[in-house]
Amino acid sequence: MATLYGEVIAPAQRFAYLLCANGDDAAELAQEAFVKAYARVSHLEDPSAVQAYLRKTIVNLVRGRGRKRRVERVYAHLFEQRHDTAARAQEVPDDALWCALDRLSTRQRAALVLRYYMDFSEQQTAETLGCSVPAVKSLTARGMRILRSALEEAPDDAR
């Protein structure tokens, strides 16, 4: 178990981080997904399928948490708007990108991460998300449109 954990946990944490943008949550998600996947490892015909199973489990966990945290993010965003956003932009150089990513739904964000960061094919992305290839195309197109719009609206000092 320790060997398998050592092989799969770092890529799982990076993937989870790209979906949730929080290092602590990413570590927790990766560990929770590993526990769920480990219970299934003996049932998997192909041992290399562990990574795919982990990614799919992480997407599902993020979606579940996203439903619960959506209200929290709305209130957090309203609170942040009341404070000096220029100071926040100086603290985090890519603040505009993270703010733009927050506008995406969990599925859009997962589709963009899988397609453009992890370089998955549309078919691989569809399998991981549990949807069709046309749905992946739609999710990525809408996600990119939202990102472009958000980044165009961002103040120059936040970019």
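Keep in mind the model is a prediction, meaning the values are calculated, not measured. Think of each chain on its own: its residues are numbered from 1, step by step along the sequence as written. Given that this is a predicted model, residues contribute local features only at a pLDDT of at least 70 and side-chain atom pairs are listed and counted only at 80 or more, while totals for whole chains, interfaces and linings are drawn from all residues. The basis for every side-chain value is the complete set of non-hydrogen atoms in the structure, without hydrogens or water.

Let us now look at the nonpolar core. Take the buried Ala, Val, Leu, Ile, Met, Phe, Trp, Tyr and Cys residues and link them wherever side-chain atoms come within 4.5 Å; each set so joined is a nonpolar core. The cut-offs for exposure are 20% and 50% of the maximum accessible area for each residue type, with area from a 1.4 Å probe on protein chains only; residues under the lower value are buried, those over the upper are exposed, and the others partly exposed. With 30 residues, the main nonpolar core has Val8, Phe15, Leu19, Leu54, Ile58, Val59 and Leu129 as its most contacted residues. A run of H or I in DSSP becomes a helix once it reaches four residues, and a run of E becomes a strand once it reaches two; helices and strands are each numbered from the N terminus. Elements with a minimum of two residues in this core: α1 (2-20), α2 (23-41), α3 (49-81), α6 (106-117), α7 (122-129) and α8 (133-153). When checking whether two residues touch, look at their non-hydrogen atoms; a contact exists if any pair is within 4.5 Å. In contact with Val59, not counting residues within four places along its chain, are Phe15, Leu19, Ala110, Thr128 and Leu129. Core analysis: the second largest hydrophobic core is formed by seven residues, Ala100, Leu101, Leu104 and Ala150 among them.

Within the secondary structure, Gln108 sits in helix α6. A relative accessible area of 10% places Gln108 in the buried class. A distance of 3.0 Å separates the side chain of Gln108 from the backbone nitrogen of Ser105, its partner in a polar contact. Residues in contact with Gln108, not counting those within four places in the same chain, are Leu139, Arg142, Gly143 and Ile146. Any pair of N or O atoms that falls within 3.5 Å is considered a polar contact. Within protein, one atom must be able to donate a hydrogen and the other to accept it, and sequence-neighbouring residues count only if both atoms are side-chain atoms.

Pairs were defined over the aromatic rings of Phe, Tyr and Trp, the Trp ring being its six-membered one, requiring ring centres within 6.5 Å. Orientation was assigned from the angle between planes: stacked under 30 degrees, edge-to-face over 60, tilted for the rest. Within the structure shown, the criterion is met by one aromatic pair. When the ring of Tyr17 is compared with that of Trp98, the centres are 5.8 Å apart and the planes differ by 75 degrees; the resulting orientation is edge-to-face. Of this pair, Tyr17 sits in helix α1 while Trp98 sits in helix α5 (residues 95-102), placing them 81 residues apart in sequence. Given a relative accessible area of 33%, Tyr17 falls into the partly exposed group. Criterion for a charge above a ring: Lys NZ or Arg CZ within 6 Å of the ring centre, and within 35 degrees of the ring normal. Taking the ring centre of Tyr116 as reference, the NZ or CZ of Arg115 above it sits at 5.7 Å.

It is worth spelling out the environment of Leu97 at this point. Locating Leu97 in the fold gives a position in helix α5. C-alpha separation for the pair Leu97 and Arg148, spaced 51 residues apart in sequence, amounts to 9.9 Å.

The axes are straight lines fitted to the C-alpha atoms, using for helices just the contacting stretch, and the angles between their N-to-C directions are given from 0 to 180°. Where α1 meets α6, the axes come as close as 9 Å, and the angle between the chain directions of the two elements is 130 degrees. With respect to each other, α1 and α6 are oriented oblique. Considering the relative orientation of α1 and α6, their crossing is right-handed. Residues Phe15, Leu18, Leu19 and Cys20 of α1 form the contact with α6, whose participating residues are Arg109, Ala110, Val113, Leu114 and Tyr117. Of the residues that constitute the contact of α1 with α6, the class distribution is eight nonpolar, no polar and one charged. Here the angle decides the label: under 35 degrees means roughly parallel, over 145 means roughly antiparallel, 65 to 115 means roughly perpendicular, and every other value means oblique. Definitions for this section: a left-handed crossing has its near helix turned counterclockwise from the far helix by less than a right angle. A right-handed crossing has that turn clockwise. Residues were grouped as follows: Ala, Val, Leu, Ile, Met, Phe, Trp, Tyr, Cys and Pro as nonpolar; Asp, Glu, Lys and Arg as charged; and all remaining residues, including Gly, as polar.

Further remarks concern the environment of Glu28. Position of Glu28 relative to the elements: it lies in helix α2. Measuring from C-alpha to C-alpha, the distance between Glu28 and Gln13 comes to 8.4 Å, with 15 residues separating the pair along the chain.

Turning to the confidence of the model for the protein, a few remarks are in order. Every residue is assigned a pLDDT by the predictor, reflecting its confidence on a scale from 0 to 100. Across the protein, pLDDT averages 80, with 75% of residues at or above 70. Across residues 88-93, confidence stays below pLDDT 50; counting only partners more than four residues off in sequence or on other chains, it has eight contacts.

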